[in-house]
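# Chains, contacts and geometry: an overview
Listed below are the residues making up each chain.
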Amino acid sequence: MSMAATIIDGKAIAAEIRASLKERVQKFSSTVGAAPGLAVVLVGDDPASHIYVRTKERVSGEVGIRFEKHHLPHDAAEEEVVRLVRRLGERDDVDGILVQLPLPGHISERAVLEAVDPAKDVDGFHPQNAGRLLAHGSGIVPCTPAGILELIRRTGVRIEGKEAVVVGRSNIVGKPTALLLLQQHATVTLAHSRTVDLPKVCRRADILVVAVGRPQLITAGYVKPGAIVIDVGINRLPGGELVGDVAFDEVKDVAGYLTPVPGGVGPMTIAMLAQNTIDAAMARRGVSC
Ligand code: NDP
């Protein structure tokens, strides 16, 4: 006899967070006399990137962050992008800088990301912030991992001492998520494409975070009964349907908690971007609210 998992409503939690951020922005703006400013750098014409940037613009507007988009052509030189990012770093009215990835192939992502002022690096991808997370669990934390942790916290389940398995070791999602869980005193395993017997490794997990990008990779046989399962994957099927990395319909009968796709981690990522922008603005301007 199995019980259906509690579905974690990322959409509703993200809406709650945005509402409280809106109040913080109002206090900030009346104290400082200006709204926090977020600058997004977008190079080229990748349709998905344009959609993501539009969503970031909409959410910024909703919470009261001043948003500016800097769109450079696909053939922009690396030096040009680096110069723009540096200029944004020098501007006092810009609190957050985000470079929309991926960049066109002729531009080094590393060179551009390292040009971002670490104090304004709201994606948390600058080596200084990555290093701070590794060494002290501080600094600006990448948005998707921050959102994942918040979703886990909101289940009310204690993280300390739990077995956590993170599948996927990217710098954007898997690695920082593993570090955050470690910081919360979980026993963490970081799995990837070379992991031997992935189902067995995953079945250890009280907390299973999946960030791979392969539809239906995680079936019921990978999941410990009652586990918290966070599905980060976003995959578009040939028919246009959006699905995660977890076979939702079967895993929901085994897991204790499960995030849907869409409506799970996705909306949390954008809410955390707004939160990082406000936190960066407050830190830079010495305001607390
Ligand atoms: P990457 O492609 O950078 O990393 C994928 C990881 O999965 C790699 O570490 C890879 O291992 C591992 N992997 C690949 N195949 C397997 C396999 N068969 N078994 C185990 N591990 C495997 O992806 P990202 O981290 O950038 O993104 C992951 C997913 O999350 C994507 O679907 C992406 O669209 C989504 N995403 C969602 C966000 C959101 O807001 N909801 C934000 C960011 C990403 P190896 O290192 O060995 O190659």
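None of these values were measured; they are calculated from a predicted model.

## Comments concerning the sheet that holds strand E1 (residues 6–7)
Spatial strand order, E1-E11-E8-E7-E5-E6: 6 strands in an open sheet with parallel pairing. Whereas interior strands pair on both sides, the edge strands pair on one side only; in this sheet they are E1 and strand E6 (187–191). With 2 bridges connecting them, E1 and strand E11 (residues 257–258) associate as parallel partners. Residue Ile7 lies in a different strand from E11, and its bridge partner there is Leu258.

## A closer look at the pattern of salt bridges
This structure, assessed with the given rule, holds 17 salt bridges. Measuring nitrogen to oxygen at the nearest pair gives 2.7 Å for the salt bridge that ties Glu16 to Arg154. With a gap of 138 residues between them, Glu16 in helix H1 (residues 10–32) and Arg154 in the loop between helix H6 (143–153) and strand E5 (163–167) connect regions that are remote in the sequence. Asp206 is the salt-bridge partner of Lys224, the closest N and O atoms lying 2.8 Å from each other.

## With respect to the site of the ligand
Surveying the vicinity of the ligand reveals 19 residues, the closest of which are Arg169, Ser170, Ser193, Ile234 and Thr269. In this structure, Ser170 approaches the ligand through a side-chain N or O atom, which is 2.5 Å from an oxygen atom. Separating an oxygen atom of the ligand from a side-chain N or O atom of Ser193 is a distance of 2.5 Å. For the ligand, the accessible surface in isolation is 940 Å², of which the surrounding protein chains cover 70%. Residue contributions to the shell around the ligand peak at 3 residues, all from helix H10 (residues 265–285). The residue makeup of the shell around the ligand, split by class, is 8 nonpolar, 9 polar and 2 charged.

## Digging into the sheet that holds strand E3 (residues 66–72)
Within a sheet, neighbouring strands are paired by backbone hydrogen bonds and run either parallel or antiparallel to one another. An order of E3-E2-E4 is seen for the 3 strands of this open sheet, with the pairing classed as parallel. Looking at the sheet topology across the chains shown, the edges are occupied by E3 and strand E4 (96–99). Each strand axis lies, on average, 15° off the axis of its neighbour in the sheet, ignoring direction. As judged from the 7 bridges shared by strand E2 (residues 37–43) and E3, these two strands associate in the parallel manner. Its bridge partner being in E3, Leu42 is matched across the sheet by His71. Lying on the sheet, helix H2 (residues 47–63) is in contact with E2, E3 and E4; it crosses E3 at an angle near 160°.

## Notes on the pairing of strand E8 (residues 228–231)
Along any regular strand, the residues point their side chains to alternate faces of the sheet. Across the two faces of E8 the burial is the same, with Ile228 and Ile230 and Val229 and Asp231 all buried. Alignment of strand E7 (residues 207–210) against E8, held across 4 bridges, turns out to be parallel. Bridge assignment links Ile207 to a residue of E8, and that residue is Ile228. With 2 bridges joining them, E8 and E11 adopt parallel strand pairing. Across the sheet, the residue bridging to Ile228 is Tyr257, located in E11.

## A word on the packing of H2 against H10
Remark: H2 packs on H10, axes separated minimally by 10 Å, with the N-to-C direction vectors making an angle of 55°. For the element pair H2 / H10, the angle class is oblique. For the element pair H2 and H10, the recorded crossing hand is right-handed. Contact residues: H2 offers Thr55, Lys56, Val59 and Val63, while H10 offers Ile270, Leu273 and Ala274. Looking at the contact of H2 with H10 residue by residue, the class counts come to 5 nonpolar, 1 polar and 1 charged.

## Structural notes on the nonpolar core
One finds Ile148, Ile152, Leu181, Val209, Ile230 and Val232 to be the most contacted residues of the largest nonpolar core, which totals 49 residues. Among the elements that take part in this core, H10 stands out by supplying 10 residues, more than any other. For Val232, the contacting residues outside a window of four places in its chain are Thr144, Ile148, Val173, Val209, Val210, Ala211 and Val265. Counting 21 residues, the second-largest nonpolar core is a separate cluster that includes Val41, Ala76, Ile107 and Val112.

Rules behind the numbers
Residues numbered from 1 in each chain as written. Predicted model: local features only at pLDDT ≥ 70, side-chain atom pairs only at ≥ 80, totals over all residues. Heavy atoms only, no water. Pairing = 2+ DSSP bridges. Helix = DSSP H or I, 4+ residues; strand = E, 2+ residues; numbered from the N terminus. Salt bridge = Lys/Arg side-chain N within 4 Å of Asp/Glu carboxyl O. Near = heavy atom within 4 Å. Polar contact = N/O pair within 3.5 Å; in protein donor to acceptor, adjacent residues only side chain to side chain. Areas by Shrake-Rupley, 256 points an atom, 1.4 Å probe, with all protein chains shown as cover. Nonpolar A, V, L, I, M, F, W, Y, C, P; charged D, E, K, R; others polar. Axes fitted to C-alpha atoms, helices over the stretch in contact; angles between N-to-C directions. Contact = heavy atoms within 4.5 Å. Buried < 20%, exposed > 50% of the residue type's maximum accessible area, 1.4 Å probe, protein only. Parallel < 35°, antiparallel > 145°, perpendicular 65-115°, else oblique. Left-handed = near helix turned anticlockwise from the far one by under 90°. Core = buried A, V, L, I, M, F, W, Y, C linked by side-chain atoms within 4.5 Å.

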